[in-house]
Amino acid sequence: MSRFDALHYGSIIDGTMRDKGDRPRLEVVNPYDGSAVGSIAIATDEDVRDAITAAERGFYGTMRRMPAHRRADILYRTAELLAADADDLAKLLALEAGKPLREGRAEIARGVQVLKFAAEGAKQLYGELIPMDSALGGERQLGMAQRVPIGVVAAITPFNFPLNLVLHKVAPALAAGNAVVLKPAEKTPLTAVWLYRLLAQAGLPSDALHVLMGPGEPIGNILCADPRIGKITFTGSAAVGWGIKEKARRANVTLELGSNAPNLVFADADLDAAVASLTRGAFANAGQTCVSVQRVYVQEPVYEEVARRMSEAASRLVAGDPLDPATDVGPMITHAAAKRAEDWVRDAVAQGARLLTGGTRCGTLLAPTVIAGADSRMKVVCAEAFAPFVCLIPFATEEEAIASANDSPYGLQAGVFTRDLNRALRVAEALETGGVWINEASLLRYDHMPYGGVKLSGTGKEGVKYALEEMTTRKFIGIKLQ
Ligand code: NAD
C-alpha cells in the first residue's frame, strides 16, 4: 500500500505541482469508513488562468505539430502502463470511490481499451475531397476538408468512474492533437493524478495536459468564461451541465448527463437472462451509474414472477467493504447521498409503494433495494436515483409501456426484453433515448459505441470515434487550378 501513503496533490500545470502550503485543502475521504485517503490543494483563480495559458502554449507549440503516429504511440504506451498498474489502481478506486475491487478492475480494463481505441483513432482522422464543380463556377477548383484539432479542451468529470470517464475525454482529445485542461471530481481526484503520471511516463509533453484540483466553482466558471477554451466536455449532473452550456462564452459544449433509465420486460422475454441483466444493471457501482436500471416496466402476466426473482437476486448481493473481494455492492459516495436515497425510498413507501427487499441503510451502505407499487409522481421514479434501488411497475400493452418509459425529462439509454424482433425494433424506434439495448439492460456500454443522451440527458456523443469527431473541426483548403 506504500504507493498510497500521504497522497496530497495540488493542481499540475506545466508538469509542476501548484501548492506551497498556501492553498486551502480538501480531504479525499474513503466513502466506506470515512477515513482520509488523501487531500488536494484547491486551485486559485490564477492557477486556472495559468493552466489555460499553459494549455494554449502547449497546443500551438507542441500538440498541433506532433505527428499522429507519435500521439498514437503515447496512448498505446499509456495503455500498457495502465494495465500493469491494475491491481494497485483497483485498490485506489476502492479507497477513494468505494468501488468493489472487481468493478475497479473492470473499469481499468475498459480504460486500457479506451486508450487503444484512441491510439487507433489518432491515425484515422481522414478528411475528404469536396466535389467543387457541383457548384456553378466551381470548375477547376480543388477543395479539401481536413480534420484538425480544436485547440484547448476543458474536460470536467464526475466521481462515479474516476478513471474511465476521464479517459473518455482526455484520450480522444489528445489523440486529435488538442491540449487539455482537466478538472476531475473533487471527491475522486487521486485516480486522475495517477493517470496523469502514466501519460507523462509514456512521453506526453508536460504542456499538453494540465490538471486543476478543487470543487466545480469557481474553477468551472472561469473555464466557461475564458474565450481561449475551444471545447468544454462535461460529464456530470444535468443541473450543472446545462448551467455550463449557458455560461460557456465561446466554447462548443458536449454534455453527458444523468437519467432515470427505463427498461421494458415483455411477457415473451427470456426471464432468466432479463433478471440477471437487470439486477446487474440496477446495482452495479451501487446504482451510481448514469444508465443504472431505475424503472423496470414489466408486462402483467410475468410481473409477479419478475418481482420475485429480482428481489431474490438483490437480497443475495453482498453489500460491504469495497476492498473485500466478496463485496458486490459498495458504499455510496457520501453520507448525504445515501441518506437522500433512503429518504426517497421512505417517501415512496409513505405514499403507497412496497419494499420487496432492502430499504435499510448503515452509514453510506444502502442495501440493494427493490420497490413495487411506485408511480410516476414519486421521486424514486421521476427523478434520477443514482442509488442502489430499482422500481418495478406493471403494464398491460406495448403502447402503455412506451408512454411510461418516455414519461421522463431524461433520455439516455433504455433496455427492452422480448423474443419478438418486430416488437423489439418497433419499441426501440419509439423510445426517446440516445441508445436502446435489446435483450440487455440499459446499463451496458462498450467504449467504442456512440453514447450520449437526448432531452435533459445531454447533447453530443462520446465513444472514442464519436468523441474524436467532437474534438476536431473541419478545416477547408481550396486550390484554384491554373
Ligand atoms: P456533478 O455535476 O456534481 O459534478 C461533476 C463535475 O462537475 C465535478 O468535477 C464537479 O466538481 C464539477 N462541477 C460542479 N459544479 C460545477 C460548476 N458550476 N461548473 C463546472 N463544473 C462543476 O456530478 P457528480 O455528482 O460528480 O456525478 C454524478 C452525475 O453524473 C449523475 O447525474 C450522473 O448521471 C452523471 N453521469 C453521467 C454520465 C454520462 O455519460 N451521461 C456518466 C457518469 C455520470
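For the structure, check the block above.
Just so you know, these numbers come straight off a predicted model, no measurement behind them. (Residues numbered from 1 in each chain as written. Predicted model: local features only at pLDDT ≥ 70, side-chain atom pairs only at ≥ 80, totals over all residues. Heavy atoms only, no water.)

Asks: Can you help me understand the sheet that holds strand β21 (residues 413–417) in this one?
Replies: Pairing between the strands of a sheet is mediated by backbone hydrogen bonds and can be parallel or antiparallel. Pairing in this open sheet of seven strands is mixed, and the strands run β15-β18-β19-β14-β13-β21-β22 from one edge to the other. Only two strands of the sheet have a single neighbouring strand rather than two, namely β15 (354–357) and β22 (435–438). The sheet shows a mean angle of 25 degrees between the axes of neighbouring strands, taken without regard to direction. Pairing of β15 with strand β18 (residues 369–372) involves three bridges; the strand directions are antiparallel. By the bridge assignment for β18, Leu-355 is matched with Ile-371. Across the sheet, helix α11 (residues 335–350) is in contact with β15, β18 and β19 (389–395); its angle to β19 comes to roughly 30 degrees. (Pairing = 2+ DSSP bridges. Helix = DSSP H or I, 4+ residues; strand = E, 2+ residues; numbered from the N terminus. Axes fitted to C-alpha atoms, helices over the stretch in contact; angles between N-to-C directions. Contact = heavy atoms within 4.5 Å.)

Asks: Got a minute to help me understand the pairing of β19 in this structure?
Replies: Every other side chain in a regular strand lies on the same face of the sheet, so the side chains alternate between the two faces. Counting buried positions over the seven residues of β19 gives six, a clear majority of the element. Where β18 lies against β19, four bridges are found, and the strand directions are parallel. Bridge pairing links Ala-372 to Leu-392 in β19. (Buried < 20%, exposed > 50% of the residue type's maximum accessible area, 1.4 Å probe, protein only.)

Asks: Is there a simple way to explain the pairing of strand β12 (residues 252–256) in this structure?
Replies: For β12, the tally of buried residues reaches four of five residues, placing the bulk of the element in the interior. Looking at chain direction, strand β11 (residues 231–235) and β12 are connected through five bridges and run parallel. Bridging from a neighbouring strand, Thr-233 pairs with Thr-254 of β12. Once the chain exits β11 it traverses helix α8 (residues 238–247) before rejoining the sheet at β12, and the crossover so formed is right-handed. Bridging between β12 and strand β24 (residues 458–459) involves two bridges; their strand directions are antiparallel. Residue pairing for β24: Glu-256 is matched across the bridge by Gly-458. (Right-handed = clockwise from strand over helix to strand, strands pointing away.)

Asks: For this particular structure, what's the right way to read the site of the ligand?
Replies: Taken together, 29 residues lie around the ligand, and Lys-183, Glu-186, Ser-237, Leu-257 and Glu-384 are the ones closest in. The separation between an oxygen atom of the ligand and a polar main-chain atom of Thr-157 is 2.7 Å. Here an oxygen atom of the ligand and a side-chain polar atom of Lys-183 are 2.6 Å apart. For the ligand, the protein covers 89% of the area, taking 850 Å² as the surface of the free molecule. Secondary structure elements with two or more residues in the shell around the ligand: α7 (216–225), β11 and α8. A breakdown of the residues in the shell around the ligand according to their chemical character gives 15 nonpolar, eight polar and six charged. Shared between two domains, the shell around the ligand holds at least three residues of each, these being domain 1 (8–257 + 457–477) and domain 2 (261–446). (Near = heavy atom within 4 Å. Polar contact = N/O pair within 3.5 Å; in protein donor to acceptor, adjacent residues only side chain to side chain. Areas by Shrake-Rupley, 256 points an atom, 1.4 Å probe, with all protein chains shown as cover. Nonpolar A, V, L, I, M, F, W, Y, C, P; charged D, E, K, R; others polar. Domains from an automatic or database assignment.)

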